[in-house]
Amino acid sequence: MDRRKGGDRLMAADDRDGRAYTTLGIIAVGQGGGNIAIQFLTRKDNPGIDERVVLVNTNDTDIMRNIDRNESDLAIDRETLSREHVETFGGASVGVGNDFFEGERLAEEDFETIFRPINNKISGSEALMYSVALGGGSGNGSVPYIIDQLSQGPDGGKTADMNAAWLDGITQFALAAWPFDYESAQRHYNAICGLSRLLMREDGEPNADMTILASNTRLKELALQGGDDVRQDSRGDYVDDKTLVNERIIDAIDLFISAGRLSESTIDVKDYVEKPQLHGAYHGTFGTAMEKPTGLDIDLAIESAVENAFVPLDPSTAKAAYVIVRAPERKIQSGEVTMGRVGEGFAKWKAENGLRGTVGMETLAQAPGRRNSMDVLVFLAGFDLGPLFEESWEFYETEKEGLRRGESTDQLARVDRIEENLRQYRNRLEE
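Residues numbered from 1 in each chain as written. Predicted model: local features only at pLDDT ≥ 70, side-chain atom pairs only at ≥ 80, totals over all residues. Heavy atoms only, no water.

Student: For the overall build of the protein chain, give the residues involved together with the corresponding values.
Tutor: A tally of regular secondary structure across the protein chain gives 16 helices and 10 strands. Counting every position in the protein chain, which comprises 431 residues, the buried fraction comes to 57%. In the protein chain, of all internal contacts separated by at least 6 residues, the share reaching a separation of at least 24 is 81%. Element-wise, carbon and sulfur atoms account for 42% of the exposed surface of the protein chain, whose accessible area totals about 17400 Å². (Helix = DSSP H or I, 4+ residues; strand = E, 2+ residues; numbered from the N terminus. Buried < 20%, exposed > 50% of the residue type's maximum accessible area, 1.4 Å probe, protein only. Contact = heavy atoms within 4.5 Å. Areas by Shrake-Rupley, 256 points an atom, 1.4 Å probe, with all protein chains shown as cover.)

Student: Any chance you could break down the pattern of salt bridges for me, citing the residues and the numbers?
Tutor: The tally for this structure, following the rule as stated, stands at 26 salt bridges. When the shortest N-O distance is used, the salt bridge between R78 and D68 registers 2.7 Å. Taken as a pair, R78 in helix α3 (residues 78-84) and D68 in helix α2 (residues 60-70) lie far apart in primary sequence, 10 residues in all. The partly exposed category is assigned to R78, whose relative accessible area is 27%. Given the relative accessible area of 46%, D68 is considered partly exposed. With a closest N to O distance of 3.6 Å, K348 and D299 form a salt bridge. Separated by 49 residues along the polypeptide, K348 in helix α13 (residues 339-352) and D299 in helix α11 (residues 298-307) bring together distant segments of the chain. Taking relative accessible area as the criterion, K348 reaches 43% and is therefore assigned partly exposed. What makes D299 buried here is its relative accessible area of 7%. (Salt bridge = Lys/Arg side-chain N within 4 Å of Asp/Glu carboxyl O.)

Student: Any details on α13? Residues and values, ideally.
Tutor: Because an α-helix completes one turn every 3.6 residues, residues spaced three or four positions apart along the sequence face the same direction. An ideal rise of 1.5 Å per residue puts 20 Å on 14 residues; α13 measures up with 20 Å between its terminal C-alpha atoms. Within α13, burial applies to R341, V342, G343, G345, F346, W349 and K350. Tucked into the core, α13 has its buried residues touching α11, β8 (320-328), β9 (359-367) and β10 (373-381). Downstream of α13 by a residue or two, G354 has a phi angle that is positive, lying close to 70 degrees. (Expected span 1.5 Å × (residues − 1).)

Student: Let's hear about the environment of W178: which residues, and what values?
Tutor: Position of W178 among the secondary structure elements: in strand β5 (residues 171-178). When the C-alpha atoms of W178 and L195 are compared, they prove to be 9.2 Å apart, with 17 residues separating the residues in sequence. If near-sequence neighbours (up to four positions away) are discounted, W178 is found in contact with L134, H188, A191, I192, L195, L213, A214, S215, N216, L388, F389 and S392. Among the polar contacts listed, one links the side chain of W178 to the side chain of S392, at a separation of 2.9 Å. (Polar contact = N/O pair within 3.5 Å; in protein donor to acceptor, adjacent residues only side chain to side chain.)

Student: Before we move on, can you summarise the side chain of R248 with the specific residues and values?
Tutor: When you line up the elements, R248 lands in helix α9 (residues 241-258). One buried charged residue, R248, forms no salt bridge at all, with the nearest opposite charge on D251 at 6.8 Å. Not counting residues up to four positions away in its chain, the partners in contact with R248 are L219, L222, A223, T288, N308 and F310. (Lys, Arg positive; Asp, Glu negative; His and termini not counted.)

Student: Go over the sheet that holds strand β6 (residues 210-215), please, and point to the residues and values.
Tutor: Neighbouring strands of a sheet are bound in pairs by backbone hydrogen bonds; such pairs are parallel or else antiparallel. The strand order across the open sheet built from 10 strands is β3-β2-β1-β4-β5-β6-β7-β10-β8-β9, with neighbouring strands paired in mixed fashion. Edge strands, defined here as strands with exactly one partner in the open sheet, are β3 (86-88) and β9. This sheet shows a mean twist of 20 degrees between the axes of neighbouring strands, independent of strand direction. Note: β6 against strand β7 (residues 283-293), 3 bridges, orientation parallel. By the bridge assignment, T211 is partnered in β7 with H283. Sheet strands touched by α2: β2 (53-57) and β3. Its angle to β3, the strand with the most contacts, is close to 160 degrees. The sheet contacts of helix α10 (residues 269-277) involve β4 (127-133), β5, β6, β8, β9 and β10, and relative to β8 the element is tilted by about 155 degrees. (Pairing = 2+ DSSP bridges. Axes fitted to C-alpha atoms, helices over the stretch in contact; angles between N-to-C directions.)

Student: Give me the lowdown on a negative patch on the surface, citing residues and values where you can.
Tutor: On the surface, a cluster of negative charge is contributed by D181, E221, E390, E391 and E394. Within the element layout of this structure, D181 appears in the loop between β5 and α7 (185-199). (Patch = residues over 30% accessible without salt bridge, like charges linked within 9 Å, V, L, I, M, F, W, Y side chains within 5 Å. Charge placed at Lys NZ, Arg CZ, Asp CG, Glu CD.)

Student: Just give me the short version of the packing of helix α1 (residues 30-37) against α2, but keep the residues and values in it.
Tutor: One way to put it is that α1 packs onto α2 with a least axis distance of 9 Å and a crossing angle of 25 degrees. The orientation of α1 relative to α2 falls into the category roughly parallel. As α1 runs across α2, the sense of the crossing is right-handed. Side by side, α1 and α2 meet where Q31, G34 and N35 of the first sit next to D62, R65, N66 and R69 of the second. For the contact of α1 with α2, the per-class residue count stands at no nonpolar, 4 polar and 3 charged. (Parallel < 35°, antiparallel > 145°, perpendicular 65-115°, else oblique. Left-handed = near helix turned anticlockwise from the far one by under 90°. Nonpolar A, V, L, I, M, F, W, Y, C, P; charged D, E, K, R; others polar.)

Interpretation in functional terms is not warranted from these geometric data alone.
This is how it looks when you write it as structure tokens:
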């Protein structure tokens, strides 16, 4: 079976029975991934996702803690959420202690338990998005393994006998959160190993169709640029670091999906992966510029979004670039914001940044309500990972040296393969 083939082309609302979105299923594994994904269940209006969200973990306490933290905002009652959207695997009640090897082992042993809520709650989705914190053990260990199994569809892997025909050719994204700079060396070690395993299986073949990176430190810095008042929500409650980070991620996902609904030129999920893959790129990131005046030059709005990229990067190294502008419907109908204007602004920005030949697409999407501003999402893929690794690589080496001293030969051999895959991936992008 061709592991990289895509499903049928996803269309905009006018092309398919009035549906105005790509149907996306969200799979959150581990505490960090759950922190992100549960935000989708705090909103009554959730286009493209609705209630297709499952929360999976080796630690039921972590899941309950996430539910407790968000219970007053949930758009679904706690009992239904716990019954239909939550699953624990591995027979563990205390997690795996940031040991991603153990998280992977438990996922392999108890894959049927993990797959049950996926098949029951989000089967029929046109794409899957996994949310995972790369510094941990449960999600970081299991998500690369789950993606590998589900990519084999009904013809292979552990899904062969699990009524999984809907998985045939499905596109799989990983939304991967990079640890805060202040987190432990082990978490940065886990992050580098986790990213490599999302990008490549150990046999050197691609794994996730696209891994979307978001640095917690970077997103916190962007949130705090708005001033101290961002530390309180509308009720005056203190907003923690993770909430600051996750709110920006959710805004980006909304824009990401909007390119496939009520848009001038549909960008479907297959477009986000096929063009970068032609250049060997399987990783990307978002940048957002929210509530910009509709009269602002599009190239300046795009530049603002790139300056807000979710990881540190040099945009000129990107292999692919996409732009989604979301503007009020009446501004589009009046001709104030047009697809031509978006295309010209995107071309100007690419030329100014040495990306004239870079593959990608642009589109103009309608915003609901009577707002006066526009939002811009930039999706960059295949950029140089060096700036992201700058703070983490020393931590990685420290933890790897600990494996050597502890004579953990089996784990060390695997880490060597994981590291070599990452090195080869980066080298191919530089060719």
